[in-house]
Amino acid sequence: MIPITQNYILHELEFIETRRYTINNSSLHKTHGTVNMLNLVDGKSAVIEGDFEPFIVHYAETFIIPASIKEYSIKPYGCDEVKVLKAYVRS
């Protein structure tokens, strides 16, 4: 069994990519035609905006951006900085 730590990285042959972002302003993300699953892992809350009704996520909440959305932004809401974990299928 492999111990999972903060620095654990999936093997290059795995089809899921995970990234951790520290955001203190607005951060633009592109889906590249694949579903994005995100979790707010640090910070009070964030506002998510794109080609849809903006919504707010709170600490420890998970949200999904469909592949049909081309790009979206994440920015802190009610705090100075948030950290987001994003998972998506590698292309």
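Residues numbered from 1 in each chain as written. Predicted model: local features only at pLDDT ≥ 70, side-chain atom pairs only at ≥ 80, totals over all residues. Heavy atoms only, no water.

Asker: Would you take a moment to explain the overall build of the protein chain for this structure?
Answerer: Within the protein chain, the regular secondary structure consists of zero helices and eight strands. Counted from the first residue to the last, the protein chain has its helices and strands arranged as β-β-β-β-β-β-β-β. Within the protein chain, contacts between residues at least 6 apart in sequence are counted, and of these 71% link residues at least 24 apart. (Helix = DSSP H or I, 4+ residues; strand = E, 2+ residues; numbered from the N terminus. Contact = heavy atoms within 4.5 Å.)

Asker: Just checking my understanding: could you explain the nonpolar core for this structure?
Answerer: In a soluble, globular protein the nonpolar side chains are often hidden away together inside. Among the nonpolar cores identified, the biggest contains 13 residues, and Leu 38, Ala 46, Ile 48, Phe 63, Ile 65, Ile 74 and Val 84 are the most heavily contacted of them. Elements with a contribution of two residues or more to this core: β3 (36–42), β4 (45–50), β6 (62–65), β7 (71–76) and β8 (82–89). Those residues in contact with Ile 48, other than ones at most four positions away along the chain, are Pro 54, Phe 55, Val 57, Phe 63, Ile 65, Tyr 72, Ser 73 and Ile 74. (Core = buried A, V, L, I, M, F, W, Y, C linked by side-chain atoms within 4.5 Å. Buried < 20%, exposed > 50% of the residue type's maximum accessible area, 1.4 Å probe, protein only.)

Asker: So what exactly am I meant to see when it comes to the environment of Ile 69 here?
Answerer: When you line up the elements, Ile 69 lands in the loop between β6 and β7. As a C-alpha pair, Ile 69 and Thr 31 span 38 residues in sequence and 6.8 Å in three-dimensional space. Sequence-distant contacts of Ile 69, that is, excluding residues within four places in its chain, are made with Thr 31, Asp 51 and Phe 52.

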